[in-house]
Amino acid sequence: MILFVKMDKVGASLLRWLTLLIWFFLMVKLIAASREVFQNENGKFLGVRLHKNHHQMVMDNGLVQVTLSSPGGDITGIQYNGIHNVLETKNREGNRGYWDVVWNVPGNHIAYDRLKGRDFNVIMEDEDQVELSFKKTWNFTNGNSSAPLNVDKRYIMRRGSSGVYLYAILERLEGWPDMDMDQIRIVFKLQNDKFHFMAISDDRQRIMPTPRDRLDAQRLAYPEAVLLTNPTNTLLRGEVDDKYQYSCENKDNRVHGWISENPPVGFWMITPSDEFRAGGPLKQDLTSHVGPTTLSMFTSTHYSGKDLNTKYRNGKPWKKVLGPVFVYLNSISSLEDPTTLWEDAKDQMSIEVNSWPYDFPQSEDFPSSNRRGNVSGQLLVGDKYISDNPMWASYAYVGLAAPGGVGSWQREAKGYQFWVQADEEGRFLIENIRAGHYNLYAWVPGIVGDCRYDVIIYIQPGSDVKLGVLVYEPPRKGPTLWEIGIPDRTAAEFFVPDTYPTLLNKLFINQSTHKFRQYGLWERYSDLYPKHDLTYTVGISNYHQDWFFVQVPRKMGNHTYQATTWQIKFEIENVTPSTGNYTLQLALASASASELQVRFNDRRANRPHFTTRLIGRDNAIARHGIYGLYWFYSINVPSHLLRNGNNTVYLTQSRSKSPFGGIMYDYIRLEGPPDTGLISLQ
């Protein structure tokens, strides 16, 4: 009996091993069969095939199948890895994958245009590549029924490529009517029952709520923000969801998207270049959010407001190529960790970035590398109050953008921009620049102000412009007496409070670099300063702890708010009328419907000694930003405004209509009169 039991256990063990061997053999056969589907007898991926009928076009390379409406040019279906359509089939076909613009005739209400094509053409069709064109041509008989734009939407599928490339050529001809075009984007809406995990960066990844969860949620102070009260996933109950919490800077926005767990599939938006985006490398914009939705944002007024120049006036002609961007799909076996799809997507992103500019788009409006130029040089900083000799502009951001005033690049949306970060010695090489004329702009971390090289730079195909050594002389009138903050164009170094325990996004708990993304931080100022405003004492206070990151109105109750006045207290000696003038260098990281008034030693002076007047529409406070647009002021301070001994600077944010109106400071510095030999008080 004992022997029989032992034999039975051995038999069971052999049976388990045999089952595993059979499973392994079947998996090998399945993988081999899969390779046979995608590859021919020479081991090459199957060619791209195009299927046409009157209402749709289907591109298929054996890896991915993409269906487009014809002649509209919307992506209605993407078949991949056993999923018949990764896009939301519950939506109508025109609401799955599409381009759109937000525009208006000046003075009229905004309108949306889906940029639907009216004519269809096959630009290229062979086994290696298919490129399709969907065009819309505007004329005056269209009136205001659609945006006055000529549109050419292009889609490219390549052999062995697990995805589809998208780009568009937008054009306005001479003499066309005025318009504003505040937003240009691509939108994809994925299967709600499959894609639940979103990844924006290495440290911003999470399971997301559903659209139904948001509909059932409690509305908060701003339309996009909700408190999840009864989510499908109970672990999300009590959290805040807001799409702006997942915004990203252009320079970091290279890949984002969604993961389906069953089957394990990733859907990714890869942007290999910023050259066609508005507002330069620091411009922030939306990425992916609840839907599940994935965006490619080319132009928007997010974090800038209408200070971004989106006005098209006086019949001036304009043309711009947006993209290509790459929609990438990947998959793994069900035994692997789904988050490895994110790592693979980053690898693919690197491949796309290193392949830029692409050599396969067929439009003459998209120049390949041999039709572009380069600019190189070295940037130094000349500030005799820091160093007798020019210093390296270490890790400066250096870029080419349309000719304009100092710092105008951050408000520029119509042209192309090309940016790099210099090395430790301030050396830079900007490659693959489109032909055209540009100004060179720069800003240096740790140095206040904006740099512009005044000479217009002309780029022609094959240009190799060597600028040599350039010296940036930042704003400076005298020696530093004291300073608050770090000149880095953000308010990140200042005190960011914890949000309310009932209004958390758990993703940002214990993430100091993203703490500012929590909802409702603007209201914490009134909690911390219920009666008296912030006072900062030079030499005693610490700006990391004692300088609130945003100056907002105080909440008074019953939806009313009170203007706030912050004080900077400091001591100074040897002030006489013959001493000369002082200078307050003031850099703002953000302004939203604000007016900053500056007074010296007289809080109740009827007229401030300086005012910015009403500035700013970037709305960075409500949209969980730590900066918006950069503002810089160099304020002359006559010596008669100061005293020997104790002094106070009063900073009043005088506008108080909204809790979202306010100012984020970047950096404040008081300078003594030139060459006085005064000693810093810090």
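Residues numbered from 1 in each chain as written. Predicted model: local features only at pLDDT ≥ 70, side-chain atom pairs only at ≥ 80, totals over all residues. Heavy atoms only, no water.

## A word on the UniProt feature "domain: Rhamnogalacturonan lyase" (unreviewed entry) in the chain
Turning to step 1, where the next piece is worked out: The sites that UniProt annotates as "domain: Rhamnogalacturonan lyase" (unreviewed entry) are residues 395-466 and 480-670.
Turning to step 2, where the next piece is worked out: Taken end to end, residues 395-466 has its terminal C-alpha atoms 19 Å apart, with 0% of it in helix and 50% in strand.
Turning to step 3, where the next piece is worked out: Secondary structure content for residues 480-670 is 5% helix and 38% strand, while the C-alpha to C-alpha distance between its ends is 6 Å. (UniProt positions renumbered as here; feature names shortened; annotations may be inferred. Helix = DSSP H or I, 4+ residues; strand = E, 2+ residues; numbered from the N terminus.)

## Side note on the nonpolar core
Turning to step 1, where the next piece is worked out: One finds Met59, Ile78, Leu166, Phe188, Phe267 and Leu379 to be the most contacted residues of the largest nonpolar core, which totals 101 residues.
Turning to step 2, where the next piece is worked out: It is strand β24 (residues 318-331) that provides the largest number of residues to this core, a total of eight residues.
Turning to step 3, where the next piece is worked out: Beyond its immediate sequence surroundings of up to four residues, Phe188 is in contact with Ile75, Ile78, Leu87, Arg96, Gly97, Leu166, Phe267, Met269, Pro292, Thr293, Thr294 and Val327.
Turning to step 4, where the next piece is worked out: Counting 76 residues, the second largest nonpolar core, distinct from the first, contains Val240, Leu503, Trp631 and Ile663. (Core = buried A, V, L, I, M, F, W, Y, C linked by side-chain atoms within 4.5 Å. Buried < 20%, exposed > 50% of the residue type's maximum accessible area, 1.4 Å probe, protein only. Contact = heavy atoms within 4.5 Å.)

## Re the side chain of Arg623
Turning to step 1, where the next piece is worked out: Summarising the element assignment, Arg623 is placed in the loop between β41 (615-617) and β42 (631-637).
Turning to step 2, where the next piece is worked out: The buried charged residue Arg623 lacks any salt bridge, with Glu224 as its nearest oppositely charged partner at 4.5 Å.
Turning to step 3, where the next piece is worked out: Only 3.2 Å separates the side chain of Arg623 from the side chain of Tyr244, close enough to count as a polar contact.
Turning to step 4, where the next piece is worked out: Apart from residues no more than four positions distant in its own chain, Arg623 is found in contact with Tyr222, Glu224, Tyr244, His302 and Tyr303. (Lys, Arg positive; Asp, Glu negative; His and termini not counted. Salt bridge = Lys/Arg side-chain N within 4 Å of Asp/Glu carboxyl O. Polar contact = N/O pair within 3.5 Å; in protein donor to acceptor, adjacent residues only side chain to side chain.)

## Focus: the pattern of salt bridges
Close approach of charged atoms lets side chains of opposite charge pair.
Turning to step 1, where the next piece is worked out: Applying the stated criterion across every chain yields a total of 41 salt bridges.
Turning to step 2, where the next piece is worked out: Here Lys52 makes a salt bridge to Glu125, at a shortest N to O gap of 3.6 Å. Here Lys52, found in strand β1 (residues 49-52), pairs with Glu125, found in strand β7 (residues 119-125); they are 73 residues apart in sequence, far enough to count as distant.
Turning to step 3, where the next piece is worked out: Through salt bridges with shared partners, one network takes in Asp180, Asp182, Lys306 and Arg313.

## Some details on helix α3 (residues 340-354)
Turning to step 1, where the next piece is worked out: The first and last C-alpha atoms of α3 sit 21 Å apart over 15 residues, in line with the 21 Å expected at 1.5 Å per residue.
Turning to step 2, where the next piece is worked out: Looking at α3, one finds that the buried residues are Leu341, Trp342, Ala345, Lys346, Gln348, Met349 and Glu352. Considered in projection along α3, the buried side chains sweep an arc of 165 degrees and stay on one side of the axis. Exposed residues pointing more than 90 degrees away from the buried face of α3 are listed as Asp347 and Asn354.
Turning to step 3, where the next piece is worked out: Tucked inside the fold, the buried residues of α3 contact β10 (163-172), β12 (195-201), β13 (204-207), β18 (255-261), β19 (264-270) and β24. (Expected span 1.5 Å × (residues − 1). Arc of directions from axis to C-beta.)

## Description of the sheet that holds strand β9 (residues 150-158)
Turning to step 1, where the next piece is worked out: Pairing is antiparallel across the open sheet formed by nine strands, whose spatial order is β7-β8-β9-β10-β24-β19-β18-β12-β13. Two strands in the sheet have a free side with no partner beyond their single neighbour: β7 and β13. The average angle at which neighbouring strand axes cross in this sheet is 15 degrees, direction not considered.
Turning to step 2, where the next piece is worked out: Strand direction decides the pairing type here: β18 and β19, joined by seven bridges, are antiparallel. Directly across from His256, in β19, lies its bridge partner Met269. (Pairing = 2+ DSSP bridges. Axes fitted to C-alpha atoms, helices over the stretch in contact; angles between N-to-C directions.)

## Overview of the side chain of Glu131
Turning to step 1, where the next piece is worked out: Looking at the element boundaries, Glu131 is found in strand β8 (residues 129-136).
Turning to step 2, where the next piece is worked out: Separated by 2.5 Å, the side chains of Glu131 and Tyr167 make a polar contact.
Turning to step 3, where the next piece is worked out: At 3.0 Å, the side chain of Glu131 and the backbone nitrogen of Gln362 are in polar contact.
Turning to step 4, where the next piece is worked out: Not counting chain neighbours up to four residues away, the residues in contact with Glu131 comprise Asn121, Val122, Ile123, Met124, Arg154, Tyr155, Ile156, Tyr167, Phe360, Pro361, Gln362 and Ser363.

## Things to note about the pairing of strand β27 (residues 397-401)
Along a regular strand, successive side chains alternate from one face of the sheet to the other.
Turning to step 1, where the next piece is worked out: When you tally the buried positions in β27, you get five out of five residues, the bulk of the element.
Turning to step 2, where the next piece is worked out: The side-chain alternation of β27 yields two buried faces, one formed by Tyr397, Gly399 and Ala401 and the other by Val398 and Leu400.

## Section: the sheet that holds strand β16 (residues 240-241)
Turning to step 1, where the next piece is worked out: Within the open sheet, the three strands sit side by side as β14-β15-β16. Their pairing is antiparallel. Two strands close off the open sheet at either side, each with one partner strand: β14 (218-219) and β16.
Turning to step 2, where the next piece is worked out: Across two bridges, strand β15 (residues 226-227) lies against β16 in antiparallel orientation. In the strand pairing of β16, Val226 is matched with Asp241.

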